[in-house]
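# A structural walkthrough
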Amino acid sequence: MPSKTLACRLRPRLTPGRACLALGLAVLVLAVIELATRTGIGEGLAALLAPGHAPETLVVHFAWWPRLAMALLAGGGLALAGVLMQQVLRNPLAAPTTLGVASGANLALMAATLLAPGLLGLGREWVALAGGGGAMALVFALAWRRGLAPVVVVLGGLVINLYFGALSMVLLLFHQEALKGLLIWGAGSLAQNGWQDATFLAPRLALGALAALWLLRPLAVLELDEAGARSLGVSLRHLRLAGLGLAVFLTGCVVSVVGIIGFIGLAAPNIVRLAGARRLGSRLLWSTLLGALLLAATDLLLQRFSGTLPTLIPTGATTAALGAPLLLWLLPRLRLSGEAPPREARATACRHPAPGHLAAWLALGLVGLGLVALLAGQTASGWHWASLHDVALLQWRLPRLLAAAGCGVMLAIAGTLIQRLTGNPMASPELLGISGGSAIALMAAIFLLPAPDNLTLVGAGTLGALASLAVLVGLNRRSGFPPERLLLTGVAITALFDAVRAVVLAGGDPRGQQVIAWLSGSTYYVDLTSALTVGGATLLLALAAAPLSRWLDILPLGAASASALGLPLARARLLMLLLVALLTAGATLVVGPLSFVGLLAPHLARLLGFSRARFHLLGAALCGALLMVVADWLGRQWLFPEEIPAGLVASLLGGAYFLWGLRRF
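Residues numbered from 1 in each chain as written. Predicted model: local features only at pLDDT ≥ 70, side-chain atom pairs only at ≥ 80, totals over all residues. Heavy atoms only, no water.

### With respect to the overall build of the protein chain
When helices and strands are counted, the protein chain shows 29 helices and 2 strands. In the protein chain, which comprises 665 residues, the share counted as buried stands at 53%. If you take every contact in the protein chain between residues at least 6 apart in sequence, the share linking residues at least 24 apart comes to 78%. When the accessible area of the protein chain is evaluated, it comes to approximately 28200 Å², of which 69% is carbon and sulfur surface. (Helix = DSSP H or I, 4+ residues; strand = E, 2+ residues; numbered from the N terminus. Buried < 20%, exposed > 50% of the residue type's maximum accessible area, 1.4 Å probe, protein only. Contact = heavy atoms within 4.5 Å. Areas by Shrake-Rupley, 256 points an atom, 1.4 Å probe, with all protein chains shown as cover.)

Here's what the structure looks like:
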């Protein structure tokens with residue numbers, strides 16, 4: 001009801017037409033100022049049709065005008081794809097990159113550049129479209145048995161995004177110089193050197209718009225519940241396939257030409273919805289127009305101030321940086337009708353009769369694997385089994401072993417807390433934005449401070465994690481920390497982190513290699529003092545999480561049941577969020593913002609039969625430590641003497657597991 005009341009109050013002051021008119025006037029003013037600065041308004045307008053002979057008019061004809069046209073086309077296409085995805089998935093926060101199209105296109109271009117450069121001669125856009133289409137096909141294959149149910153499609157897209165992102169990071173680590181140009185493209189660059197990209201994109205977006213109009217009436221049926229839609233004789237599976245396929249096609253076309261540009265497909269549909277556009281047809285029209293103007297205005301502003309900036313700032317990263325605060329502003333105003341909590345019966349149907357004994361066996365296995373990782377490995381002379389007296393070798397391996405195990409435990413406990421707190425089986429420490437806030441602060445310290453020491457980096461990372469927590473608490477305290485808003489707040493913070501990372505990597509600074517290594521989750525730089533500190537922090541935080549087991553057993557029952565049983569809901573959520581922040585920040589400071597560990601370990605513990613919260617925490621901690629120890633050892637041995645960071649190996653192992661297990665979700 002509050003969201004409806006707010007929408008009604010906004011309607012007399014803000015309509016989709018007025019929003020587009022205001023933004024259109026802003027684009028016009030910025031364009032006129034830019035033309036007046038470059039060539040003069042008259043010559044700039046004439047250069048649209050004829051390049052002339054002066055260098056300035058040539059630049060305007062072959063670079064400035066095509067860039068403006070590309071911004072309008074790309075923004076409109078992404079916004080149209082966003083409306084389609086939000087309609088099909090019934091999720092106001094769905095975005096065109098949900099299905100992993102962008103990460104698939106990025107991976108395909110990287111692989112083609114390194115392994116088959118001849119394919120790029122056929123057209124870079126076709127390679128990108130093939131990668132994006134492959135990602136789409138994989139997501140659809142995972143969700144087909146469930147009738148392309150929205151929650152499974154989103155779940156599959158998340159897994160594909162993380163998995164393909166990890167593969168791309170592996171290629172980037174070993175071939176940074178060869179792939180440097182793709183870093184700028186991956187951050188979303190609208191720079192043009194002719195009209196060929198615009199002429200490629202325009203007819204394809206026109207076909208996509210016509211297909212969206214043709215699907216307008218069938219897609220409107222998706223606003224009904226599934227029973228109502230089936231009663232009308234509608235095949236939900238084929239309708240979702242058509243809607244999502246069209247959205248992916250539009251996204252793939254845009255991504256193949258200009259790279260990854262975020263938040264346009266998220267912001268434009270939600271702004272027009274808040275402005276009063278409720279029917280699907282009006283949302284398609286106004287969102288497309290608003291998205292085009294949003295991207296054009298952002299790019300014109302960036303061009304206006306790019307001369308005063310110390311480094312290259314891609315438009316896609318700028319859009320994400322501006323979109324994160326917009327999403328935070330939208331959250332209290334969005335009507336979030338989240339889906340019912342996942343059925344815990346499916347996850348906990350197999351309960352181990354003696355979880356204590358199982359935990360003991362896991363602990364023994366962890367000790368055994370730890371000894372193997374400590375003593376077995378490759379050297380210059382081949383495989384070698386070290387002795388306990390080989391001090392030099394053990395001093396190098398022992399800190400990495402302890403750090404990997406400790407960070408695995410912290411992320412696993414954090415993931416278990418988040419999943420039980422939110423009732424969402426796909427929640428993870430990274431998704432709340434805690435690790436993203438810590439990473440932003442650490443990168444800022446590396447690039448802004450002269451030769452920061454370890455203590456300075458620890459302080460900066462902690463402040464970043466606490467700042468992210470403060471944003472989470474400030475935006476969700478009045479509403480009682482509802483799970484959906486917590487996760488979406490984390491999405492916004494994580495998007496801001498992605499924008500900062502894209503700017504750092506696209507700038508070409510030599511320190512970017514160190515940042516890439518840290519972001520990928522490497523234990524290479526850990527010394528014995530840091531490892532012992534991680535171990536002590538892990539023990540203290542794990543002991544702090546143990547008394548929360550009763551709350552964790554009650555929370556999945558729902559807010560009403562938890563309150564009826566006397567649980568102080570808001571205080572419990574706040575306390576758990578603080579513990580999650582400390583756990584995630586502790587792991588992030590040592591091995592970077594790892595992926596999949598906090599997501600995978602709680603699921604492995606459930607599959608093994610750890611159902612009650614106390615044993616679930618214990619089992620997840622042991623599984624997290626096992627996963628990270630194995631990942632660190634494999635990363636050291638797989639491509640010896642080269643190394644793959646433990647975080648990436650854990651992502652690859654976890655992603656493979658989820659791609660296999662998602663079929664049963």
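### With respect to the pattern of salt bridges
The final tally for this structure, using the stated rule, is 4 salt bridges. For Arg38, the salt bridge identified is with Glu34, shortest N-O distance 3.0 Å. With Arg38 and Glu34 both in helix α2 (residues 16-38) and 4 residues apart, this pair spans about one turn of that helix. Between Asp632 and Arg636 there is a salt bridge, with its nearest N and O atoms 3.4 Å apart. Separated by 4 residues within a single helix, Asp632 and Arg636 lie in helix α28 (residues 613-637), roughly one turn from each other. (Salt bridge = Lys/Arg side-chain N within 4 Å of Asp/Glu carboxyl O.)

### Overview of helix α27 (residues 597-608)
Relative to the 16 Å expected for 12 residues at 1.5 Å per residue, α27 spans 16 Å between its end C-alpha atoms, a close match to the ideal helical length. Burial within α27 is extensive, with 9 of its 12 residues counted as buried. When α27 is considered as a whole, its buried residues turn out to be Val597, Gly598, Leu599, Leu600, Ala601, Pro602, His603, Ala605 and Arg606. Positive backbone phi, approximately 110°, marks Gly609, located one or two places after α27. (Expected span 1.5 Å × (residues − 1).)

### Focus on the pairing of strand β2 (residues 382-385)
Relative to β2, strand β1 (residues 376-379) runs antiparallel, the two sharing 4 bridges. Within β2, the residue paired with Ala376 across the bridge is Trp385. Two successive antiparallel strands, β1 and β2, enclose a turn made up of 2 residues. (Pairing = 2+ DSSP bridges.)

### A look at the confidence of the model for the protein chain
Considering every residue of the protein chain, the mean pLDDT works out to 76; 76% of them sit at 70 or more. Contacts from residues 1-12, a stretch scored under 50 in pLDDT, to residues over four places away or in other chains number 11 contacts. Scored below 50 in pLDDT, residues 337-349 shows 15 contacts in the model against residues more than four places distant or in partner chains. (pLDDT = per-residue confidence, 0-100.)

### Some remarks on the side chain of Thr584
You can see Thr584 is positioned in helix α26 (residues 569-591). Within the local environment of Thr584, its side chain forms a polar contact with the backbone oxygen of Val580, the two atoms lying 2.8 Å apart. Once you skip the residues sitting within four places of it in the chain, Thr584 turns out to touch Leu411, Ala414, Pro429, Ile434 and Ser435. (Polar contact = N/O pair within 3.5 Å; in protein donor to acceptor, adjacent residues only side chain to side chain.)

### Some remarks on the packing of helix α19 (residues 434-448) against α26
Direction vectors running N to C along α19 and α26 enclose 45°, while the axes themselves pass 9 Å from each other. Comparing the axis directions of α19 and α26 gives the class oblique. Judged by the sense of rotation from one axis to the other, the crossing of α19 with α26 is right-handed. Seen from α19, the contacting residues are Ile434, Ser435, Ser438 and Leu442; seen from α26, they are Ala581, Thr584, Ala585, Thr588 and Leu589. For the contact of α19 with α26, the class distribution of residues is 5 nonpolar, 4 polar and no charged. (Axes fitted to C-alpha atoms, helices over the stretch in contact; angles between N-to-C directions. Parallel < 35°, antiparallel > 145°, perpendicular 65-115°, else oblique. Left-handed = near helix turned anticlockwise from the far one by under 90°. Nonpolar A, V, L, I, M, F, W, Y, C, P; charged D, E, K, R; others polar.)

### Notes on the environment of Tyr163
Along the chain, Tyr163 turns up in helix α7 (residues 150-174). Separated by 493 residues in sequence, Tyr163 and Ala656 have C-alpha atoms that sit 8.0 Å apart.

### Details of a nonpolar patch on the surface
Judged by side-chain polarity, Leu21, Leu25, Leu28, Val32, Ile41 and Leu45 come together as a nonpolar surface patch covering roughly 540 Å² of accessible area. Taken together, the elements giving at least two residues each to the nonpolar patch come down to α2 and α3 (41-47). Ranked by the residues each element gives to the nonpolar patch, the list is headed by α2, at 4 residues. You can see Ile41 is positioned in helix α3. (Patch = residues over 30% accessible without salt bridge, like charges linked within 9 Å, V, L, I, M, F, W, Y side chains within 5 Å.)

### Some words on helix α17 (residues 355-375)
Helix length check: α17, at 21 residues, gives a terminal C-alpha distance of 30 Å against a target of 30 Å (1.5 Å per residue), a fit within 8%. Pro355, Leu358, Ala359, Leu362, Gly370, Ala373, Leu374 and Leu375 are the residues of α17 that are buried.

### Remarks on the packing of helix α13 (residues 264-274) against helix α14 (residues 280-305)
Orientation of α13 relative to α14, taken along the N-to-C sense of each, is 125°, at an axis distance of 8 Å. By the angle between their axes, α13 is oblique relative to α14. Every pair of crossing elements has a handedness; the one defined by α13 and α14 is right-handed. Of the residues in α14, those in contact with Ile264, Ala267, Ala268, Pro269, Ile271, Val272 and Arg273 of α13 are Arg283, Trp286, Ser287, Leu290, Gly291, Leu294 and Leu295. Among the residues forming the contact of α13 with α14, the class breakdown is 10 nonpolar, 2 polar and 2 charged.

### Side note on the environment of Ala439
Take Ala439: it is sitting in helix α19. With relative accessibility at 0%, the residue Ala439 sits in the buried group. Once the C-alpha coordinates of Ala439 and Ala460 are considered, the two residues, 21 residues apart in sequence, prove to be 9.2 Å apart.

### With respect to the side chain of Thr57
Tracing the chain through its elements places Thr57 in helix α4 (residues 55-89). Beyond its immediate stretch of four places on either side in the chain, Thr57 contacts Thr39, Glu43, Ala47, Pro51 and Gly52.

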